[in-house]
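Residue-level structure breakdown
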Amino acid sequence: WTTVARNLKEATMKVRAFRPLNAELFSSLQEEQLEFFRSTIYTDFFTKCAASQDLFKQSQSRLRYIADKVLQSSYDMYHRGKNDMVDHLSALGLRHVGYGVPIDLFGPFCDSCVQVIKPLIDELPKPESTTIVWCPADRAHQLAERDVP
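The following paragraphs examine the structure supplied in this document. What you see is a predicted model; the values in this text were computed from it and never measured. Each chain has its residues counted from 1, following the order in which its sequence is written. Whole-chain, interface and lining totals are the exception, using all residues; otherwise, since this is a predicted model, local features are given only for residues with pLDDT of at least 70 and side-chain atom pairs are given and counted only at 80 or more. Hydrogens and water are ignored here; the side-chain numbers use all heavy atoms of the structure.

**A look at helix α2 (residues 31-48)**
Because the α-helix completes a turn every 3.6 residues, residues three or four places apart line up on one side. Defined as follows: Per the convention used, a helix needs a DSSP run of H or I reaching at least four residues, while a strand needs a run of E reaching at least two, with both numbered from the N terminus. Working rule for helices: expected span equals 1.5 Å times residues minus one. Bend, in this description, refers to the angle at a residue between axes fitted to the seven residues ending there and the seven starting there. Classification of residues uses two cut-offs on accessible area relative to the type maximum, computed with a 1.4 Å probe and protein chains only: under 20% is buried, over 50% is exposed, and between them is partly exposed.
Over its 18 residues, α2 runs 26 Å from end to end, which matches the ideal 26 Å to within 8%, given 1.5 Å per residue. Along α2, the largest kink reaches about 30° and is centred on Thr40. Every buried residue of α2 is listed here: Gln33, Leu34, Phe37, Arg38, Ile41, Tyr42, Phe45 and Phe46.

Have a look at this one:
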């Protein structure tokens, strides 16, 4: 139990450390960047997993809705209560089980999400020169000194 308690404490500290960065990211994204994410995520995913196209035989508006929910959940993980998020993600997982989505598609889908959002993050304006330091919460991530809680 000591290990579990330590891991939970470290995870909680990471959320606190990255919450302001998450808010800054999502407040900085412009509509054209969001549109790029919505349109590119499926192209990348279908390239990685051609079989997934059979599961995504839906209208473009539904695919855009799903992409928006991915972004909303990425924001909510840092800003909603943990019990709410556990309930939300559990319900999402149960819906996917009900739809018969194979588990082996989750990894490539998440990878596509990260690969598509990464260049958008790199395009965001960078603050003037800052000192990069190790996050005091976990000593495993680097943060700009101004972002250290």
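**Description of the packing of aromatic side chains**
What counts is decided by this rule: The pairing test for Phe, Tyr and Trp rings, Trp by its six-membered ring, is centres within 6.5 Å, and the orientation test on the planes gives stacked under 30 degrees, edge-to-face over 60, and tilted for anything in between.
Tallied over the entire structure, the rule returns four aromatic pairs. A centroid spacing of 5.9 Å and a plane angle of 85° characterise the contact between Phe26 and Tyr75, whose relative ring orientation is edge-to-face. Of this pair, Phe26 sits in helix α1 (residues 2-28) while Tyr75 sits in helix α3 (residues 60-79), and the two are 49 residues apart along the sequence. With relative accessibility at 28%, the residue Tyr75 sits in the partly exposed group. Here the aromatic rings of Phe45 and Phe46 are separated by 6.0 Å at their centres, their planes lie at 40°, and the arrangement is tilted. On the basis of relative accessible area, Phe45 is assigned to the buried category, the value being 1%. According to the relative accessible area criterion, Phe46 is buried, its value standing at 18%. Through a chain of ring-to-ring contacts, the aromatic side chains of Tyr42, Phe45, Phe46 and Phe109 assemble into a single cluster.

**Digging into the packing of α3 against helix α4 (residues 82-99)**
As a reminder of what qualifies: Every axis in this analysis is a line fitted to C-alpha atoms, fitted for helices over the stretch in contact. Angles between the N-to-C directions lie between 0 and 180 degrees. By definition in this entry, angles of less than 35 degrees are roughly parallel, angles greater than 145 are roughly antiparallel, angles of 65 to 115 are roughly perpendicular, and the rest are oblique. The sense of a crossing depends on the near helix, which, turned anticlockwise from the far helix by less than a right angle, makes the crossing left-handed and, turned clockwise, makes it right-handed. Residue contacts are counted whenever heavy atoms from the two residues lie within 4.5 Å of one another. Amino acids are sorted into nonpolar (Ala, Val, Leu, Ile, Met, Phe, Trp, Tyr, Cys and Pro), charged (Asp, Glu, Lys and Arg) and polar (every other residue, Gly among them).
Packing of α3 against α4 brings their axes to within 9 Å, and their N-to-C directions diverge by 150°. Taken together, the axis directions place α3 and α4 in an arrangement best described as roughly antiparallel. Crossing angle aside, the handedness with which α3 passes α4 is left-handed. Residue-level contacts link Ser73, Asp76 and Met77 of α3 to Met85, His88 and Leu89 of α4. When its residues are assigned to classes, the contact of α3 with α4 shows three nonpolar, two polar and one charged.

**Focus on α4**
Counted at 1.5 Å a residue, the expected span for α4 with its 18 residues is 26 Å, and the 25 Å between its end C-alpha atoms agrees. Of the residues flanking the end of α4, it is Gly100, one or two places downstream, whose phi is positive at about 75°.

**Examining the nonpolar core**
The criterion, for reference: Here the nonpolar core consists of buried residues drawn from Ala, Val, Leu, Ile, Met, Phe, Trp, Tyr and Cys, with membership extended through side-chain atoms lying within 4.5 Å.
By size, the foremost hydrophobic cluster in this structure holds 20 residues, and its most contacted members are Leu29, Phe37, Ile41, Tyr42, Phe45, Phe56 and Phe109. Of all the secondary structure elements, the ones that give two or more residues to this core are α2, α3 and α5 (106-123). The greatest single-element share of this core, amounting to six residues, is contributed by α2. In contact with Phe56, not counting residues within four places along its chain, are Tyr42, Phe45, Phe46, Leu63, Ile66 and Phe109.

**Let's talk about the pattern of salt bridges**
Applicable threshold: One speaks of a salt bridge when a side-chain nitrogen belonging to Lys or Arg is within 4 Å of a carboxyl oxygen belonging to Asp or Glu.
In this structure the tally under the stated criterion is eight salt bridges. Of the charged contacts in the structure, one is a salt bridge between Arg38 and Glu31, with a shortest N-O distance of 2.9 Å. A salt bridge links Lys118 to Asp122, with the shortest nitrogen-to-oxygen separation between them at 3.8 Å. Of the two residues, Lys118 and Asp122 are both situated in helix α5; the distance of four residues between them amounts to about one turn of the helix.

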